[in-house]
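Remarks on the overall topology
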Amino acid sequence: MALLTLTFPPGTVAYVSKSTGDWYVDSVNTTEVVITVDDLDGDGFISNDEWDAAVSGDGNDIGDTTYLYQDGGTSGVLYSTDGTTTFTVGQNVTDIRAGMSNHFEGDVSAVVCFANGTLIATPNGQQPIETLNEGDQVLTDKGESRTIRWIGRRQVSQFELLLAPKLCPVRIRAGALGHQLPERDLLVSRQHRILIRSKVAERMFGTKEVLIPAIKLVGCTGIEVEEQPRALEYFHILLDEHEILLANGAPAESLFTGPEALKSLSPEAVEEIETLFPEVLERIAQQGPAALVPSNTKIKRMIERHIKNAKELISG
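Here goes a summary of the coordinates provided. These numbers come from a predicted model, not from an experiment. (Residues numbered from 1 in each chain as written. Predicted model: local features only at pLDDT ≥ 70, side-chain atom pairs only at ≥ 80, totals over all residues. Heavy atoms only, no water.)

Looking at helix 9 (residues 296-308)
Filter applied, for reference: Runs of H or I in DSSP of at least four residues are treated as helices and runs of E of at least two as strands, each being numbered from the N terminus. One fewer than the residue count of a helix, multiplied by 1.5 Å, yields its expected span. Note on exposure labels: buried denotes an accessible area under 20% of the residue type's maximum, exposed denotes more than 50%, and partly exposed covers the range between, all computed with a 1.4 Å probe on protein chains only. The directions from the helix axis to the C-beta atoms form the arc being described. We call two residues in contact whenever any of their non-hydrogen atoms come within 4.5 Å of each other.
The terminal C-alpha atoms of helix 9 lie 18 Å apart, and with 13 residues this matches the ideal 18 Å at 1.5 Å per residue to within 8%. For helix 9, the full list of buried residues reads Ile299, Met302, Ile303 and His306. Along the long axis of helix 9, the arc covered by the buried residues comes to 95°, so they all point the same way. Exposed side of helix 9, more than 90 degrees from the buried face: Thr297, Lys300 and Lys308 are the residues found there. Tucked inside the fold, the buried residues of helix 9 contact strand 18 (193-197), helix 4 (199-205), strand 19 (209-213) and helix 5 (214-217). Positive phi appears at Ala310, one or two residues downstream of helix 9, with a value of about 55°.

Structure representation (structure tokens):
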């Protein structure tokens, strides 16, 4: 359970109605609107029922990553969630309404991906992630070349980061993992998993290599949630298999297409992957993650041991 506070500045909430097949803005908010939603199941999503409970809706809500819509019939309320798109009285918003999904489930969890500016190792040297394309080659932590099958990207405004803190990235400062890694500050989403190599992991799990979500590393020296988030763009990299890439020199996972990871993608992205690469989804599902993913309880104990004994997360 978690309380999520959604703040809508003046002009970003429109009262709309339908007239002869088109939707028009009747009025807009002139003061800030604050809505507190209880994420009852703690899954990082605002479901239809959770939204209804917060706004006294009628169960006919729909939404996407940029807009939310409440109520049904020929009138309702349209919310802009990017903090910059404002409505004007008389505006025709038919295209917005038509472009929204026929169900509502707003994702407020962190997406699993790298932030723009991240340098990814390739056979031709390190390249900014935003310059990579489908079909390009990247290197795994073992020095093997792999083909990018799909790249997803999502822009996140500063307003979104403020109203949905779970979208804020984790900053792993240069050298914070140990072994002089990462080579420069690395920004990843909270649930993006980093490969940890240590004797502590080996004693606990029988293997030196384990995958740990970045948010679970917060508390270790030099690793924290970004305190003053700015607008950024998140990128996913899908390969034929789940692999460990080198991001700013540090080992971090490619997109793992398990059920939880797919939740962080838009329905359109999931449909695209399922249509174009069904064999990749099946293969990754069968093979599982590229390294052991411990339970949250065991992760907590492992990190506590690293901190208590001042052990590096990546040892030589």
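Points about the environment of Leu6
Structurally, Leu6 is set in strand 1 (residues 2-8). Overall, the relative accessible area of 4% leaves Leu6 in the buried class. Considering only alpha carbons, one finds Leu6 and Thr81, 75 residues apart in sequence, at a separation of 8.7 Å.

Points about the nonpolar core
Formally: We define a nonpolar core as any set of buried Ala, Val, Leu, Ile, Met, Phe, Trp, Tyr and Cys residues linked to one another through side-chain atoms lying within 4.5 Å.
The biggest cluster of nonpolar side chains holds 39 residues, and the ones touching the most others in it are Leu177, Leu217, Ile223 and Met302. By size, the runner-up hydrophobic cluster in this structure holds 13 residues, among which are Leu6, Val13, Ile35 and Val37.

A closer look at the environment of Ile299
Checked against the element boundaries, Ile299 lands in helix 9. Residues Ile299 and Pro213, 86 residues apart in the sequence, show an inter-C-alpha distance of 9.3 Å. Among all residues touching Ile299, those that are not within four sequence positions of it are Ile212, Pro213, Lys216 and Pro294.

Quick word on the sheet that holds strand 8 (residues 75-80)
Rules: Only strands that DSSP links by at least two bridges are regarded as paired with each other.
One open sheet holds the five strands; their spatial order is 3-2-8-7-6, and the pairing between them is antiparallel. Whereas interior strands pair on both sides, the edge strands pair on one side only; in this sheet they are strand 3 (22-28) and strand 6 (62-63).

Focus on the pairing of strand 8
Counting buried positions over the six residues of strand 8 gives five, a clear majority of the element. Across five bridges, strand 2 (residues 13-19) lies against strand 8 in antiparallel orientation. Residue pairing for strand 8: Ala14 is matched across the bridge by Leu78.

Here's the deal with the pairing of strand 21 (residues 232-238)
A large share of strand 21 lies buried, amounting to seven of its seven residues. Going residue by residue along strand 21, you find Leu232, Tyr234, His236 and Leu238 tucked away on one face and Glu233, Phe235 and Ile237 tucked away on the opposite face as well. Relative to strand 21, strand 10 (residues 114-115) runs antiparallel, the two being bridged by two bridges. Of the residues in strand 21, the one forming a bridge with Phe114 is Phe235. Here strand 15 (residues 150-156) pairs with strand 21 via seven bridges, running antiparallel. If you follow Gln155 over to strand 21, its bridge partner there is Glu233.

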